Amino acid sequence: MEYLAQLQQHNTLLKESLALSQKENILQKELIARLQAQGVQQQEQITQLQEKVEVLEAEIRRLKKLPPKPDIKPNTKPPDDSDGPPGTPPATGQGDEADPDGVPKHKVSKPDESTRNQRKQPPKPPPEKSVRVPACDVPPGSTWNGTTPFYVQDLVIKATSVEYLLDQWITPDGKTVTAKPPANLHGHHYGPTLQAHILHQYFGCGVTQPQLLEWLWDIGLSISPGELSNLITKGNEQFQSEKDEILVTGLRCSSHIQTDDTGARHQGQNGYCTIICNESFAWYATTGSKSRENFLSLLHRPFRTYAMTGNALDYLRTLKYPQKWLRVLQPYVGVTFLSYEAWKACMKEHGLTGKKRLQQASEALIYASLIEHGLGHLTTFSDGAQQFNVFKHAQCWVHAERLLYKVHPVNEQQASAQKWCRTWLWAIYDDLKAFKAEPSKENAMKVRLGFLALIQTRTNCRALQQALSGLAVIEKELLQVLEDPSLPLHNNLSESLIREYVKRRKISGGTRSEAGRQSRDTFASLKKTCRLYGLSFWDYLTDRLNGVGLFPRLESLIEKASQVLSCGLCSSF
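Calculation criteria
Residues numbered from 1 in each chain as written. Predicted model: local features only at pLDDT ≥ 70, side-chain atom pairs only at ≥ 80, totals over all residues. Heavy atoms only, no water. Phe/Tyr/Trp six-rings, centres within 6.5 Å; stacked < 30°, edge-to-face > 60°. Lys NZ or Arg CZ within 6 Å of the ring centre and 35° of its normal. Pairing = 2+ DSSP bridges. Helix = DSSP H or I, 4+ residues; strand = E, 2+ residues; numbered from the N terminus. Axes fitted to C-alpha atoms, helices over the stretch in contact; angles between N-to-C directions. Contact = heavy atoms within 4.5 Å. pLDDT = per-residue confidence, 0-100. Buried < 20%, exposed > 50% of the residue type's maximum accessible area, 1.4 Å probe, protein only. Polar contact = N/O pair within 3.5 Å; in protein donor to acceptor, adjacent residues only side chain to side chain. Lys, Arg positive; Asp, Glu negative; His and termini not counted. Salt bridge = Lys/Arg side-chain N within 4 Å of Asp/Glu carboxyl O.

1. So, the packing of aromatic side chains
Here is step 1 of the chain: Considering all chains together, one arrives at 17 aromatic pairs under this definition.
Here is step 2 of the chain: Of note, Arg 504 hangs over the ring of Tyr 202, and the distance from its end group to the ring centre comes to 4.5 Å.

Pasting the structure below:
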């Protein structure tokens, strides 16, 4: 019996020690889990602090006018297509790049979106003459077998000069009457073909004035630097008028517009170039601001009068405008101001001179005036910049995905979660493309439910969770295409068109005179609009400068395109 009691006591001790060890294991696991969570949290904080340090260092370099940090990609081995399960397509784009500061980002298969090239190689010109070339070293007894064509294209470049003898007459009262030079000279001492060549080389090919001047001297033309500058910047009223017509017709015939901006220096000061475009037209304007008031004023350029309506007060109420100033503006509902200066003078009389409040009131005035002039139907499509958030606003999906891409995972679990979210987003993007091809309530509901499930996803990565919350904020802009299937899904068109100014800025810096800035905006608009239709900018310039009139007016092309393209109001999309 004693032995059995000892065994029972021993078993009891074993059970207690086992329970104690199990409890210790549980406590150790909990401690390890807490330490791992703290480690992940610290890694996330370190990553955020590194990003802040980089931003602050870049700001210090900018303030000290030092060169920026060079953007050097890490020297990583190219991805092997054989990695991964069979049949997996090779990933491309930013998802393939390794993160040197943390865990490598997983490959994500992205949609291949590119802006189509409108231009094609033109056909060969017909031969003007035929030259027979005899064969050499023909063996005796050979039989002649005809000829085989060998086409050669060439270019004739030759400086010529024409002397116009202008008749002069003396009237009975002693005055002299002199004949005027031909109209196609436009007041210059250089022919229309040379004018077209200079404009095409400078605005169409990006050749700088010093290089262009040296080229003209090399072929024997006598022209001074000042005369060359005048040919580029002055006497272009007919082109500026046609550029204005592009905006008027483009806004009137379009259901949506795409917008973007970039830096453009003028007279040594930083400015901004804004592009307003879609598949039927491209229009540029350089100003000193990139505010919403500036964007609205660009849309309002075709109109001279400013109409104050109830829409202006509604706009100000959304901005939580002070009631005392709303009461000041209320009596002016229904009033039309003949100019923007008249509006500002009126507000000055009432004491509305604060910069912010006056800017908001001006935004409301221009916004209401645009609706009154018939532009309330427009949808603006952008990369998400809030200065373009007027009327209906849609946003680029490629820019929205960057919120997820910019997340820096600190462990493999977070990297997998990031890959999963990005892959899911691009799957929704593919569903949207299917909806655009075949709009239906079922396809729209599939997209909405998929997006809702994505933004409600919970992950263990704080930065990724913030990125999903950012997507939830812009849900309406991203899904605007479900209301209007003609809207694009990405902003590639305006991004590619704004590159015209980026290249010019890198080549020539900025403009010095107002005439130079206006000419750059004008010919960039004309050139890119011609390119959208696959037309020759050279043919356009020679036709306008010679006054032939065979090249169609660009506004008429926009009107016809609006009946076919999905961006047009008259299309049957």
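2. A short note on the sheet that holds strand β3 (residues 256–263)
Here is step 1 of the chain: On the basis of which strands lie adjacent, the open sheet formed by 5 strands has the order β5-β4-β3-β8-β9 and mixed pairing. Of all strands in the sheet, those with a lone pairing partner are β5 (281–287) and β9 (392–395), marking the two edges. Going from strand to strand, the sheet's axes swing by 25 degrees on average, the running direction of each strand aside.
Here is step 2 of the chain: Where β3 lies against strand β4 (residues 272–278), 6 bridges are found, and the strand directions are antiparallel. Along β4, the bridge assignment pairs Thr 259 with Ile 276.
Here is step 3 of the chain: Sitting on the sheet, helix α17 (residues 514–532) touches β4 and β5, and the angle it makes with β5 is about 165 degrees.

3. Concerning the confidence of the model for the protein chain
Here is step 1 of the chain: Across the protein chain, the average pLDDT comes to 86, with 91% of residues at 70 or higher.
Here is step 2 of the chain: Across residues 80–102, where pLDDT falls below 50, the model places 27 contacts with residues more than four positions away in sequence or in other chains.

4. Thoughts on unusual backbone geometry
Here is step 1 of the chain: One non-glycine residue, Gln 267, adopts positive backbone phi at about 55 degrees.
Here is step 2 of the chain: Of note, the phi angle at Lys 320 is positive, near 55 degrees, even though the residue is not glycine.
Here is step 3 of the chain: Relative to the helices and strands, Lys 320 resides in the loop between α7 (310–318) and α8 (323–329).
Here is step 4 of the chain: By relative accessible area, Lys 320 is classed as exposed at 73%.

5. Quick word on helix α18 (residues 537–546)
Every α-helical turn comprises 3.6 residues, leaving residues that sit three or four positions apart pointing alike.
Here is step 1 of the chain: Burial analysis of α18 places 7 of its 10 residues in the buried class, the great majority of the element.
Here is step 2 of the chain: Residues of α18 that are buried include every one of Phe 537, Tyr 540, Leu 541, Thr 542, Asp 543, Arg 544 and Leu 545, and no others.
Here is step 3 of the chain: Of the surrounding elements, those touching the buried residues of α18 are α2 (192–204), α5 (237–252), α17 and α19 (554–561).
Here is step 4 of the chain: Its side-chain oxygen 3.3 Å from the backbone nitrogen of Trp 538, Ser 536 forms the N-cap of α18.
Here is step 5 of the chain: Of the residues one or two after α18, Gly 547 is the one with positive phi, at around 70 degrees.

6. Some remarks on the side chain of Arg 520
Here is step 1 of the chain: Tracing the sequence through the fold places Arg 520 in helix α17.
Here is step 2 of the chain: Buried charge without a salt bridge: Arg 520, with Asp 521 as the nearest opposite-charge side chain at an N-O distance of 6.7 Å.
Here is step 3 of the chain: When sequence neighbours within four positions are dropped, the list of residues in contact with Arg 520 reads Tyr 202, Phe 203, Tyr 501, Arg 504, Ser 508, Gly 509, Gly 510 and Thr 511.

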